[in-house]
Protein chains: 2
Amino acid sequence: MDAVSNSADTALRARAARVVPGGMWGHLHAAKLPEGYPQFFARGEGAHLWDVDGRRFVDFMCSWGPNLLGHLHPEVEEAAERQRRMGDCLNGPAEVMVELAEQLVAMLPHAAWAMFQKNGTDATTTCLTIARAATGRRKVLVARGAYHGAVPWASPSLLGVTAEDRAHLLHYEFNDIDSLRAAAREAGDDLAGVIVSAFRHDLGRDQEMPTVAFAVAARELCDAAGAALMLDEVRAGMRLHTGGSWELLGVRPDLSAWSKAIANGRALSAVTGAEWLRDPAARIFVTGSFWCGAVPMAAALATLRVVQRDDVPARIERLGRMLRDGLAEGARRHGLGLRQTGPAQMPMVLFDDDPGARKGEVFCATALRHGVYFHPRHNMFLSAAHTEADIAAALEAAGHGFAAVAAT
Amino acid sequence: MDAVSNSADTALRARAARVVPGGMWGHLHAAKLPEGYPQFFARGEGAHLWDVDGRRFVDFMCSWGPNLLGHLHPEVEEAAERQRRMGDCLNGPAEVMVELAEQLVAMLPHAAWAMFQKNGTDATTTCLTIARAATGRRKVLVARGAYHGAVPWASPSLLGVTAEDRAHLLHYEFNDIDSLRAAAREAGDDLAGVIVSAFRHDLGRDQEMPTVAFAVAARELCDAAGAALMLDEVRAGMRLHTGGSWELLGVRPDLSAWSKAIANGRALSAVTGAEWLRDPAARIFVTGSFWCGAVPMAAALATLRVVQRDDVPARIERLGRMLRDGLAEGARRHGLGLRQTGPAQMPMVLFDDDPGARKGEVFCATALRHGVYFHPRHNMFLSAAHTEADIAAALEAAGHGFAAVAAT
């Protein structure tokens, strides 16, 4: 990328710096990415993105999760458009809310009911509130380093957060049964629940699938205490298994929090739950002005039907494995140590001996110049719109990236 | 309405009861409305709604605020559709985010910057986090009985909420300067800010505009303490004044929280702020998967341009006054004491001597049978799509309602 080619992005960043604090907020801030990455995007189609300077990328971030079927997926867009012409934000829900809840209950063996929100954080926060309402207790066990949202109780930053916002959280290590039991002992008879990510996908470190033993221990611990096992499916949901990610382990949660991919990019989240939590879920007060919006629900219903019909998790796992195998081969060819961890459909690619992910940054910046959008520290995402040709293009760009890393 | 005419709604409620806790959640639950009110809606157009049984209503709830210009407003829909064809949820924002922030900064004299979220609650919570980050203090003064969201720190229900979630809130009475100062004294040198609704619009009680003296006292108190004055515009925003509701009082907040009407029904909220809060706003971590969604931003930009061009607050105030005058006349004719309080464009209509709003329920249920959707306890909303014919229809239906109340 030469200095001229990103002039539209540069100009927009300058305008943004005047009217948006820091020019951008949160996880989509391009300052956290290697030089050359665009901040602003013009267009998306399938698995491809165009930035405001007209550069086209094969995209492996998928909007950081939401883009599961591809941008402008015809079946999703048609369902959304049909609902839009009738009504979106009305004085109450449309029929599609019931259809969507029925669809989730039919798909998810753990779920007797569903309710809907906008943000993943709304869903995780609602899970905690339901668990506390159901048990009359306060303590919630959270894995150290796990991300469950960007509000005071969950935020990875403590700035503007008070100690009381986290007063009733106790921490355990993911996949460490002893630490989970120790945290439960500390909670004593005040244990409301355990929240756990579908798998460990913390920023900048190797991913980890939960062991069956850990999942079973979490389930048993909650059963013994009468506490709620809460699965945070916000990031992983519908990419690992259409019945819920822990179906792979044979363990069912009491509550699951969903968002990101369930409406293929439209703003929606959901909590699904077991029968024993139906009544407390009905008695707590949670709401939002747009939570009944019918268009995102229509998009979600269409998305979930496609996910199930086409077995999207299997499709993207196969593509993810092609990518993973190709990357492993490319790294070997250049004599580079590469760690690829977690599910293939949500790749995490980290270089050995790479403090600060400097190698990762060179690799990604180089691949970007060859038209492929990777991330050096965060897990990536496959979509059903990716093709074998996209994987081939990614591996070719990755080859340039490995060469650049090997040359440093 | 006879028993047969709401059969589709009844059937959907039965289906919903199986898959949604309580059949519905939050403020849109029809159980809080008089008998005969539908839970489910099929269609919206302008200021009119159709329920799933084909009944048409002139609507005065406006989706509880969001519907400011009318459902399917052509300019808003065209802007949203143009953006949708390009991209909505991408790997970063689209140009429209900058344009929208520029528009808000241009419209709002208090604002040097803007940032965007999904829920009104996201915006109020972000305000508190910014105030705490900026001051390094914890206490926030909140008006007793005010609604600022449905998360643990703000929820009107304590079920599932811990004491610590509200540990740093101190309460004052709206429009009561002494109580505000007393709360500030209690906060001492730990005062981060004061949050206040644009006007008092608590459920089931007379509305109250802030007095100039109260607004000035809040401003002076915050200035003296170096604390942030936070205006909750979620409900009132863009209905009272296009420059912010407190422009009517000549007092400017440090932070404002916006949502509901700003994108005419699409999911969006915003925080706008003064220059001295730009840096802390950039340093806190707040984010969401859909916060950069470009379609709601395109809708918001179109909405705000129409609001300003057509001086929507003036238009809906005029229509609201027609409604208010007509209702007052109708109540007088039937010898009924009626209190209509707050801004005319957000009507609150309460009967004298009416514990539990029983008269209000009879009035509303009767008006509903005559095709007009009122609310017996909550403030209502005018939209720019309402016409004089709609007001005339409302007054005719209200006449039947008053007669029914007089006959009880």
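Residues numbered from 1 in each chain as written. Chains lettered and ligands numbered in written order. Predicted model: local features only at pLDDT ≥ 70, side-chain atom pairs only at ≥ 80, totals over all residues. Heavy atoms only, no water.

J.: So what about the relation of the copies chain A and chain B? Which residues, and what values?
T.: Taken as rigid bodies, chain A and chain B are interconverted by a rotation of 180° and an axial shift of 0.0 Å, the fit giving an RMSD of 0.0 Å. Read as a symmetry element, the transformation amounts to a two-fold axis. Within chain A, the C-alpha atom positioned nearest to the axis of rotation is that of E164(A), 2.6 Å from it. (Least-squares fit on C-alpha atoms with pLDDT ≥ 70 in both.)

J.: Describe the pattern of salt bridges, and please don't skip the residues or the numbers.
T.: Across all of its chains, the model carries 60 salt bridges over all chains by this definition. The salt bridge involving R318(A) is made with E388(A); its shortest N-O contact spans 3.2 Å. Here the residue R318(A) occupies a position in helix 9 (residues 312–333), and E388(A) occupies one in helix 11 (residues 388–407), the gap between them amounting to 70 residues. Taking relative accessible area as the criterion, R318(A) reaches 42% and is therefore assigned partly exposed. Residue classification places E388(A) among the partly exposed positions, given a relative accessible area of 46%. One salt bridge connects R200(B) with E208(B), and the closest N-O pair in it is separated by 3.7 Å. On the basis of relative accessibility, which here comes to 25%, the residue E208(B) falls in the partly exposed class. A single network of salt bridges, built from pairs that share partners, joins E77(A), R266(A), E81(B), R84(B) and R85(B). (Salt bridge = Lys/Arg side-chain N within 4 Å of Asp/Glu carboxyl O. Helix = DSSP H or I, 4+ residues; strand = E, 2+ residues; numbered from the N terminus. Buried < 20%, exposed > 50% of the residue type's maximum accessible area, 1.4 Å probe, protein only.)

J.: Before we move on, could you go through the sheet that holds strand 2 (residues 48–51) of chain A and cite the residues and values that matter?
T.: All names here are of chain A. What the four strands build is an open sheet, ordered 1-2-3-13; its pairing is mixed. Each of the sheet's edge strands pairs with one partner strand only, and the pair in question is strand 1 (41–45) and strand 13 (372–373). Bridge count for strand 2 against strand 3 (residues 56–59) is three bridges, and the pairing is antiparallel. The residue of strand 3 that forms the bridge with L49 is F57. (Pairing = 2+ DSSP bridges.)

J.: An account of the interface of chain A and chain B is requested, with residue identities and associated values reported.
T.: Counting residues at the interface gives 96 residues for chain A, matched by 96 residues for chain B. Buried area between chain A and chain B, summed over both chains or domains, comes out near 8300 Å², and the portion from carbon and sulfur atoms is 61%. Looking only at chain A, the three residues that lose the most surface to chain B are W25(A), N91(A) and F285(A), adding up to 11% of its buried area. Our count for the chain A to chain B interface comes out at six salt bridges. E95(B) is the partner of R15(A) in a salt bridge, and the nearest nitrogen-oxygen pair spans 3.4 Å. At the junction of chain A and chain B, the tally comes to 32 residue pairs in polar contact (both at pLDDT 80 or more). (Contact = heavy atoms within 4.5 Å. Buried area = accessible area lost by both parts, 1.4 Å probe. Polar contact = N/O pair within 3.5 Å; in protein donor to acceptor, adjacent residues only side chain to side chain.)

J.: How would you summarise helix 1 (residues 7–19) of chain B if you had to cite specific residues and measurements?
T.: When the terminal C-alpha atoms of helix 1 of chain B are compared, their 19 Å separation across 13 residues agrees well with the 18 Å that a helix rising 1.5 Å per residue should span. The set of residues buried in helix 1 of chain B consists of D9(B), L12(B), A16(B) and V19(B). Take helix 1 of chain B and look down its axis: the buried residues cluster within an arc of 90°, on one side only. Looking at the buried positions of helix 1 of chain B, the neighbouring elements they touch are helix 3 (95–107), strand 4 (113–117) and helix 7 (278–283) of chain A. (Expected span 1.5 Å × (residues − 1). Arc of directions from axis to C-beta.)

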